[in-house]
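The chain contents come next:
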Amino acid sequence: MRMEGQLNLDKHKFLEALGKISGENVISDRSLLTVYEADGLTAKKQLPWLVVLPREVQEVQEIVRLCHQHDVPVVARGAGTGLSGGATPHAEGVLLSLARFNRIVSVDFENELATVEPGVTNLAISDAVREQGFFYAPDPSSQIACTIGGNVAENSGGVHCLKYGLTVHNVVKLKLISPEGELYELGSEAFDSPGYDLLALLHGSEGMLGIVIEVTVKLTRIPDAICVVMAGFTETADAANSVSDIIARGILPAGLEMMDQPAIHAAEAFVSAGYPLSAGALLLCELDGHRSELEQQITDIKAIFENRSATSVEVAFDGDQRDRLWLGRKAAFPAVGRLAPDYYCMDGTIPRRQLATVLAKISELSTEFELKVANVFHAGDGNLHPLILYDANNEGELQRAEAFGARILTLCIDLGGTITGEHGVGIEKIDQMCVQFSSDELSLFHGIKAVFDSTGILNPGKAVPTLSRCAEFGAMHVHASAEEKFPGLERF
């Protein structure tokens, strides 16, 4: 089994064979390869050896089969909007772009299902079924660009995940291509399928277990009534504590989002959403259901906000007004991008009750690392997205931003949370995996990887660290025998 840095083949002959399969769909020119050198984690760049843009399933199978025969790494890529480096290319591998697989294959309104190719954008599904009274519930902020294949790879969530769940809760069937080029299915259009729940295992697997080539998703009926309640608070802690109060009251919002003052100001300057600039924190609470039900929930939520000293409350039922209130939140990431040359977007999850504690600690860390931070996050499910501002042109600032982010992730673990909510691990958080998991747990992860991909060609070096890397990181003591459990461990 080859180790990293050892590509045991005649590159010219491999390229010739690949050309026979994909012809002009192969990119090898260095100037064109730079387009694919990074995903949304632009601080980490790596030119791929080759890029292939296939058009047909059989073509993908033949490409992967060829790579398997010659032990060539394969990194599947969708729109490249991921923020953890999950689609960072391999220097000696093939970057397999699935962007051309962008068809909605079928829509079954009777059974409330849609089957799509992995290159279909998240928002395109909702657009295609809206006139018939349906939508696709998961809605990451990048939904206008991110693709459904990437959503599966990272188990994406978005604003509506509090009520409607993550991608894994809204997908019923996958078609995949194995590392050997075989086509197979997981899941079923029925309510359940026999055997182990491998469908759930594939969600969030970051392209390490198989290449998704088709996805069957659930469609959700558009509710009778929808409203957005926006509240401003002087103190961040009051906004954070209101989140727990709403859930404790028995109200389950479709979405419950929070922004701190730097994020509010950035969003307002960018899109003029009408946010209260005097507020120290902002909550956006979306409710849906029957109108009479919502009226009572609004009354209860207003009482909660008043008890937590809210300085302003606005309620919007009208579609245009709702869109205006959401516009700033949806545009928060590009808006914050105007505050500094670069920003480092973190993704950690904590219990809701710890929101105020974590926000206070992030503020302290901001002072310690001498880097500003804007907080935008899915408050309802405790999924934090601190945006650490820095300038890569200033010596040492990127390293400080990464260290700041690592401290946030460790804090999430310490408070009973986890290092990711929807962005995945990729290469960004791979060292924090050593903090969150024991050597035995990581060995189990590698064992699962080996079952699906015994030669380790799919997205090597991502998501799950080797035990020797963790030993170097200093997070755990690793016995030599642990690495011997799976001979290909270092390859992964």
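Residues numbered from 1 in each chain as written. Predicted model: local features only at pLDDT ≥ 70, side-chain atom pairs only at ≥ 80, totals over all residues. Heavy atoms only, no water.

Asker: So what about the overall build of the protein? Which residues, and what values?
Answerer: Within the protein one finds 18 helices and 20 strands. In summary, the protein has a C-alpha radius of gyration of 23 Å against a globular reference of 23 Å for 492 residues, a match within 12%. Expressed along its principal axes, the backbone C-alpha trace of the protein runs to roughly 70 × 55 × 45 Å. Relative to its full complement of 492 residues, the protein shows a buried share of 55%. Excluding contacts between residues fewer than 6 apart, the proportion of contacts in the protein whose partners are at least 24 apart in sequence is 72%. Of the accessible surface of the protein, which amounts to about 20500 Å², a share of 49% is contributed by carbon and sulfur atoms. (Helix = DSSP H or I, 4+ residues; strand = E, 2+ residues; numbered from the N terminus. Rg over C-alpha atoms; globule rule 2.2 N^0.38 Å. Buried < 20%, exposed > 50% of the residue type's maximum accessible area, 1.4 Å probe, protein only. Contact = heavy atoms within 4.5 Å. Areas by Shrake-Rupley, 256 points an atom, 1.4 Å probe, with all protein chains shown as cover.)

Asker: Got a sec to walk through unusual backbone geometry? Specific residues and values, please.
Answerer: With phi around 55 degrees, glutamate 112 is a residue other than glycine that occupies positive phi space. The residue glutamate 112 is located in the loop between strand S5 (104–108) and strand S6 (113–116) in this model. Although it is not a glycine, glutamate 206 adopts a positive phi angle of roughly 55 degrees. Relative to the helices and strands, glutamate 206 is located in the loop between helix H7 (198–202) and strand S10 (211–218).

Asker: Describe the side chain of asparagine 375, and please don't skip the residues or the numbers.
Answerer: Inspection of the secondary structure assignment puts asparagine 375 in strand S18 (residues 373–377). At 2.9 Å, the side chain of asparagine 375 forms a polar contact with the side chain of aspartate 260. Among residues more than four places away in sequence, those in contact with asparagine 375 are Met258, Met259, Asp260, Ala263, Leu359, Ile362, His385 and Pro386. (Polar contact = N/O pair within 3.5 Å; in protein donor to acceptor, adjacent residues only side chain to side chain.)

Asker: Give me the side chain of arginine 329: which residues, what numbers.
Answerer: With respect to the helices and strands, the residue arginine 329 is situated in helix H11 (residues 319–330). On the accessibility criterion, arginine 329 (1% relative accessible area) is buried.

Asker: Describe the packing of aromatic side chains, with residues and values.
Answerer: This model, assessed by the stated rule, comprises seven aromatic pairs. With 5.3 Å between their ring centres and 5 degrees between their planes, phenylalanine 369 and phenylalanine 404 make a pair best called stacked. Remark: phenylalanine 404 occurs in helix H14 (residues 397–414) and phenylalanine 369 occurs in helix H13 (residues 355–369); sequence separation between them is 35 residues. Overall, phenylalanine 369 belongs to the buried group, its relative accessible area being 12%. Looking at phenylalanine 404, the relative accessible area reads 0%, which means it is buried. Above the plane of the ring of tryptophan 49 lies lysine 11, whose end atom (NZ or CZ) is 5.4 Å from the centre. The ring of phenylalanine 317 has arginine 291 lying over it, and the distance from NZ or CZ to the ring centre is 3.6 Å. (Phe/Tyr/Trp six-rings, centres within 6.5 Å; stacked < 30°, edge-to-face > 60°. Lys NZ or Arg CZ within 6 Å of the ring centre and 35° of its normal.)

Asker: Help me get a handle on the pattern of salt bridges, residues and values and all.
Answerer: If you walk through the whole model with that rule in mind, you get 18 salt bridges. The shortest N-O distance in the salt bridge between glutamate 402 and lysine 44 comes to 3.0 Å. Separated by 358 residues along the polypeptide, glutamate 402 in helix H14 and lysine 44 in the loop between helix H2 (30–33) and strand S2 (50–52) bring together distant segments of the chain. By relative accessible area, which is 23% here, glutamate 402 ends up partly exposed. Given a relative accessible area of 31%, lysine 44 falls into the partly exposed group. Across the pair arginine 103 and glutamate 117 runs a salt bridge whose closest N-O atoms are separated by 3.0 Å. Of the two residues, arginine 103 sits in the loop between strand S4 (94–97) and S5 while glutamate 117 sits in the loop between S6 and helix H4 (122–129), which places them 14 residues apart along the sequence. A relative accessible area of 48% means that arginine 103 is categorised as partly exposed. (Salt bridge = Lys/Arg side-chain N within 4 Å of Asp/Glu carboxyl O.)

Asker: An account of the state of the cysteines is needed here, citing residue identities and associated values.
Answerer: Under the defined criterion, the tally for this structure stands at one disulfide. The partner cysteine of cysteine 434 in its disulfide is cysteine 470, sulfur to sulfur 2.1 Å. Taking the torsion about the sulfur-sulfur bond, which here is approximately -80 degrees, the covalent link between cysteine 434 and cysteine 470 counts as left-handed. Of this pair, cysteine 434 sits in helix H15 (residues 430–436) while cysteine 470 sits in helix H17 (residues 467–473), and the two are 36 residues apart along the sequence. Note on cysteine 434: relative accessible area 2%, which makes it buried. For cysteine 470, a relative accessible area of 0% puts it in the buried group. (Disulfide = S-S within 2.5 Å.)

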